[in-house]
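# Results of the structural survey
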Amino acid sequence: MPSIDALIDRIDQYLEPDKVALVRQAYESAKTAHEGQFRRSGDPYIIHPVAVARILADLQMDHQTLMAALLHDVIEDTDVSKEDLAADFGESVAELVDGVSKLTQIEFKSKAEAQAHNFQKMTLAMAKDIRVILVKLADRLHNMRTLGPLHHEKRRRIATETLDIYAPIANRLGINSIRIELEDLGFAALYPMRSKYIRKAVKKLRGNHNEIIEDIQHSLEKCLEQRNLEGHIIGREKHLFSIYNKMKYKHKSFHEIMDVYAFRVITKNEEDCYRALGAVHSAYKPLPFRFKDYIAVPKVNGYQSLHTTLFGKHVNIEIQIRTDDMEDFANYGIAAHWQYKDDSSMTLANQARIDRWLSSLKQIRDHADDSMEFIEHVKIELFPDEIYVFTPKGDILELPAGATPIDFAYSIHTDIGNACVACRINKKLASLSEPLQSGQTVEVITAPGAKPSRAWLNIAVSAKAKSSIRHYLKQRSEAESLDLGKALIEKSLSSIKKSWKDIGEEHLAKVLEHNQADSLDELFINVGLGNRMPYIIARQLIANSGMEIDAEQATSDDKQHLMIKGTEGLNLSFAKCCHPIPGDPIIGIATGPSGLVIHSEGCRKAMDKLQNRAKIHLSWVKDITDEFVVELRVELERQRGIIAELASAITRAEANIERIGVEEQNARMSVVNVVIHIQGRRHLARVIKRIRSLKAVIRLNRVVDTHPKNGA
Ligand code: MN
């Protein structure tokens, strides 16, 4: 049974006394927190974190990792909060424990193999500090060692997850000592009969083959001696899971696999590796095409060694040749480079060590053919640029870091992106602009007839979402600019009591040329886009000679209202600050790229914007049947299901919800922001009445940014 004294003895060997004292403090704190909790086996719970810390102490990890290991379950299983940990043990330890808890909360559903790879990437993406992964691996290792008392189903689930996710991660990080044990334990839990059979067969064979093994070992030792090579030779055992996999995937019989004898030669330095290779090749004939130089070209996880296979008398002999350092790395991988070395600022020192490790790997790989692929690999593994989120069905989507629900929606399908109006993150309503985090479950809510908005271009980060939104906007934009430009010019003409029939063809051509337009349509588009002022064009069109018309004068003349329906399209947009609806007094401001923007009269933002721009007087046509956007701010008493109630009240008043999001929340109340589609002032009044009838509603405002005297 793992004891704290044994742990302290172990870390005394490599940590300074003050660091050892900190680890002991973390132990005392964890012990108090888990007081009265027991494992399924009946042991006090604290046994588990001590064992996890012990696994990491054997990898000679730093004191912060050990403290986090001792405390790794307190956030999840006790009253202790992340803030408590930060206050007692510092920010780093608190972050590590929090990271481990987040990994624990993710439920890995058993999925196809392709998904397993995504799960691995998600796990790495969620751990901002690689030490989080090391604690999680040690946690998993101890849980696998003590699976016994658990339910059959739970055992299978944990074992599957171990083989699909954690053993491959240990392999990626090069930590073979943990990887091999996880694999054998996972294999035994999942396939107890097969594992038992192979174990028995191996044991029997080992007895029979002892003589041969000693014989080969002796002759290998002799051939090193003859060449004055320092080094030692170790006989190797294949582990059960690798034997099983070779039988299953390489279709080899048990005896084919076991008739191969495996040895490892450990040398003093790299040069001796190659000399030792020459030595064994002269003692036994090498098998063609079986030699691999992983020293010159390491494996993607940094593993280095020479591999060769020799003809024995009747058997094959597999040989690995490597230095002490390479051996260390093969066993402990990234942890070997993390081991505690000095007492100055551990985190920085560790970070520097990891950086050195990465850059040394890069150097090695720069000479290899597939170096790019390698660097890409390491980067994705350790410093991911991507996030990984779940769909409601449990599939995993990969998105660029900073991605929002809009990106998520477009990555599922363009039509879903175009029609999305709201979303849920981990089942809670959230804003479409909220950056997503790895591990979250995201659900998109769509509405028929919903359209992407120009503002989404600032919210989306993925190329796919951006190009889909742009494509949509561009398609709509040209047609609508044309219609709007034409309407604006015709209105300006009629305000000076003129029409198209008053304009000669020759003169029209001159006006087009003057405005650098190839066609009348192009001129309309330019006016619609706000690049040209409609009243100036109108005056040019009716002028008998000369094109100079004073803009100031034109503006002041232009008092007659343009009638609008609000359905003119993208180039006539409603200001987001005041969301005017039919019935509100309105004005228009031509703003260049976004066309004519309609504000409520007296809107504060509109006043600011007016400075150098022309104000266009507008009125609503009667009998509007189209939909308009209104933003409401609702303060609600906090109660279960209240957002859904609010949404259904709005729907019952026949208004569509474009967006609903929680703006603020405390224990008593929530402030909800909702953007809805309504048909005018009277419809809005109906909606507001419905909402007010909800008991939980404390206050309700229409969000309009106007001068106080014009306040809505
Ligand atoms: Mn645990």
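One numbering rule holds for all chains: residues counted from 1, following each sequence as written. Under the rules for a predicted model, residues below a pLDDT of 70 receive no local features and side-chain atom pairs below 80 are neither given nor counted, while totals for whole chains, interfaces and linings still include all residues. To get the side-chain values, take all heavy atoms of the structure and skip hydrogens and water.

### A look at the packing of aromatic side chains
Working definition: a ring pair exists when centres of Phe, Tyr or Trp rings (six-membered ring for Trp) sit within 6.5 Å. Plane angles under 30 degrees give stacked, over 60 give edge-to-face, the rest tilted. In total, this model carries 7 aromatic pairs according to the counting rule given. Every member of this aromatic cluster is reached through a ring pair, and the members are F187, Y191, F241 and Y244.

### Let's talk about the side chain of D62
Segments assigned H or I by DSSP are reported as helices when at least four residues long, segments assigned E as strands when at least two residues long, and all are numbered from the N terminus. Relative to the elements of secondary structure, D62 occurs in the loop between α3 (47–58) and α4 (63–70). Polar contacts here mean pairs of N or O atoms no more than 3.5 Å apart (in protein, one a potential hydrogen donor and the other a potential acceptor; neighbouring residues in sequence count only if both atoms are side-chain atoms). A polar contact of 3.0 Å, which involves the side chain of D62, links it to the side chain of R131.

### Digging into the coordination of the manganese ion
Because no water is among the atoms considered, metal sites can look incomplete, with donors defined as N, O and S atoms within 2.8 Å of the metal, or 3.2 Å for Na, K and Ca. Distances from the manganese ion to its protein donors, H48 (NE2), H72 (NE2), D73 (OD) and D139 (OD), fall within 2.2 to 2.4 Å. Mapping the donors of the manganese ion onto the primary sequence gives the spacing H-x23-H-D-x65-D. The burial state of H72 is the same as that of D73; both residues are buried. Summary of the burial criterion: residues with accessible area below 20% of their type's maximum are buried, those above 50% are exposed, and those between are partly exposed, where the area comes from a 1.4 Å probe applied to protein chains only.

### Comments concerning the confidence of the model for the chain
In this model, the chain carries a mean pLDDT of 80, and residues with pLDDT of at least 70 account for 83%. Each residue carries a pLDDT score, the predictor's confidence in it, ranging from 0 to 100. Contacts are residue-level and defined by heavy atoms, with any inter-residue pair within 4.5 Å sufficient. Ignoring residues within four places in sequence, the model shows residues 706–712, a span with pLDDT below 50, making 11 contacts including any to other chains.

### What to know about helix α13 (residues 240–249)
Of the residues making up α13, those classed as buried are L240, F241, S242, I243 and Y244. Here the buried face of α13 lies against α10 (152–172), α11 (176–190), α12 (192–226) and α14 (254–258). Just past α13, the residue H251 takes up positive phi, approximately 50 degrees.

### So, the packing of α4 against helix α7 (residues 91–105)
Relative to each other, α4 and α7 sit at 50 degrees, their axes nearing to 9 Å. The angle between α4 and α7 places the two elements in the oblique class. Crossing angle aside, the handedness with which α4 passes α7 is right-handed. Along the contact surface, α4 presents Q64, T65, M67 and A68, while α7 presents S92, V93, L96 and V97. Among the residues making up the contact of α4 with α7, the classes are represented as 5 nonpolar, 3 polar and no charged. For every element, the axis is a line fit to its C-alpha atoms; helices are fit only across the contacting stretch, and the angle between N-to-C directions ranges from 0 to 180 degrees. When an angle is under 35 degrees it counts as roughly parallel; over 145 it counts as roughly antiparallel; between 65 and 115 it counts as roughly perpendicular; any other value is oblique. Crossings are sorted by hand: turned counterclockwise from the far helix by less than a right angle, the near helix makes the crossing left-handed, and turned clockwise it makes it right-handed. Under the grouping applied here, Gly and all other residues not named as nonpolar or charged are polar, the nonpolar ones being Ala, Val, Leu, Ile, Met, Phe, Trp, Tyr, Cys and Pro and the charged ones Asp, Glu, Lys and Arg.

### Quick look at the sheet that holds strand β11 (residues 442–446)
Backbone-to-backbone hydrogen bonds pair the strands of a sheet. The strands run either parallel or antiparallel. In space, the 3 strands of this open sheet follow the order β10-β9-β11, with antiparallel pairing throughout. Edge positions in the sheet fall to β10 (428–430) and β11, since each has one partner strand and no second. Going from strand to strand, the sheet's axes swing by 35 degrees on average, the running direction of each strand aside. Sheet strands in contact with helix α19 (residues 405–412) are β9 (420–425) and β11, and its direction is about 80 degrees off that of β11. When DSSP finds at least two bridges between two strands, those strands are taken to pair.

### Brief notes about the pattern of salt bridges
Close approach of charged atoms allows side chains with opposite charge to pair. Counted as salt bridges are all cases of a side-chain nitrogen of Lys or Arg within 4 Å of a carboxyl oxygen of Asp or Glu. Across all of its chains, the model carries 23 salt bridges by this definition. K268 serves as the salt-bridge partner of E230, at 4.0 Å between the closest nitrogen and oxygen. Linking E230 in the loop between α12 and β1 (231–236) with K268 in the loop between β2 (260–267) and α15 (270–283), this pair joins segments that are 38 residues apart in sequence. For the pair E230 and K268, one class covers both residues: exposed. In this structure, D584 engages R702 in a salt bridge whose closest nitrogen and oxygen atoms are separated by 2.7 Å. Linking D584 in the loop between β13 (572–574) and β14 (586–590) with R702 in strand β20 (residues 697–702), this pair joins segments that are 118 residues apart in sequence. Pair check on accessibility: D584 and R702 agree, each one buried. The structure contains a network of salt bridges with shared partners spanning K82, E95, D98 and K102.

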